[in-house]
Amino acid sequence: MSLALDKPRQPRRPAARRSNGELYSWLFMRLSGLLLVVLVLGHLFIMNILDGGIHRINFGFVAGRWASPFWQFWDLAMLWLAQIHGGNGVRTIINDYARKDATRFWLKMLLYVSMVLIVSLGTFVIFTFDPNISN
């Protein structure tokens, strides 16, 4: 009885057409990761350490914070970069581990739809937040 093993480094599927898409994806991951470190650590420092820490965070704090375009942009940049960075990482994992083309296609469609929904909803909330809620 003989076991058939693939040759080392033998591609399991045909090589894709040559493009720079994966290079740009790799570069985006590095640059967005660096920017996310600054944005997230700044967010954590401001929200959890400055001026009394987490005890001051409530609806009024968020309303005051989002009254400023600077903080809206900060939170929007954090949302978009984190979502696209994470989605790109999951896309890479799907490409690496999904063997069937149909499985790969549907997993990526599910990923893309969820990314668009989350970014759209988050952007909508940031820009339409109304601190004057009436009962």
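Residues numbered from 1 in each chain as written. Predicted model: local features only at pLDDT ≥ 70, side-chain atom pairs only at ≥ 80, totals over all residues. Heavy atoms only, no water.

Considering the nonpolar core
Here is a general trend for soluble globular proteins: nonpolar side chains tend to be buried in one another's company. Membership of the largest hydrophobic core is limited to six residues, which are L36, L39, W74, A77, M78 and L81. Of the residues forming this core, the biggest block, four residues, is contributed by helix α3 (residues 69–97). Those residues in contact with L39 that sit more than four places away from it in its chain are W74, A77, M78 and L81. (Core = buried A, V, L, I, M, F, W, Y, C linked by side-chain atoms within 4.5 Å. Buried < 20%, exposed > 50% of the residue type's maximum accessible area, 1.4 Å probe, protein only. Helix = DSSP H or I, 4+ residues; strand = E, 2+ residues; numbered from the N terminus. Contact = heavy atoms within 4.5 Å.)

A closer look at the UniProt feature "transmembrane region" (unreviewed entry) in the protein
Taking the UniProt record as the reference, the feature "transmembrane region" (unreviewed entry) is found at residues 23–46 and 109–129. Secondary structure within residues 23–46 divides into 100% helix and 0% strand; the distance between the first and last C-alpha atoms comes to 35 Å. Secondary structure across residues 109–129 divides into 95% helix and 0% strand, with the first and last C-alpha atoms of the span separated by 30 Å. (UniProt positions renumbered as here; feature names shortened; annotations may be inferred.)

Here we look at the pattern of salt bridges
All chains considered together, the criterion is met by three salt bridges. The salt bridge involving R91 is made with E22; its shortest N-O contact spans 3.0 Å. Here the residue R91 occupies a position in helix α3, and E22 occupies one in helix α1 (residues 21–48), the gap between them amounting to 69 residues. Its relative accessible area of 12% is what places R91 among the buried residues. Here D75 makes a salt bridge to R65, at a shortest N to O gap of 3.0 Å. Of this pair, D75 sits in helix α3 while R65 sits in helix α2 (residues 59–65), and the two are ten residues apart along the sequence. Each member of the pair, D75 together with R65, is buried. (Salt bridge = Lys/Arg side-chain N within 4 Å of Asp/Glu carboxyl O.)

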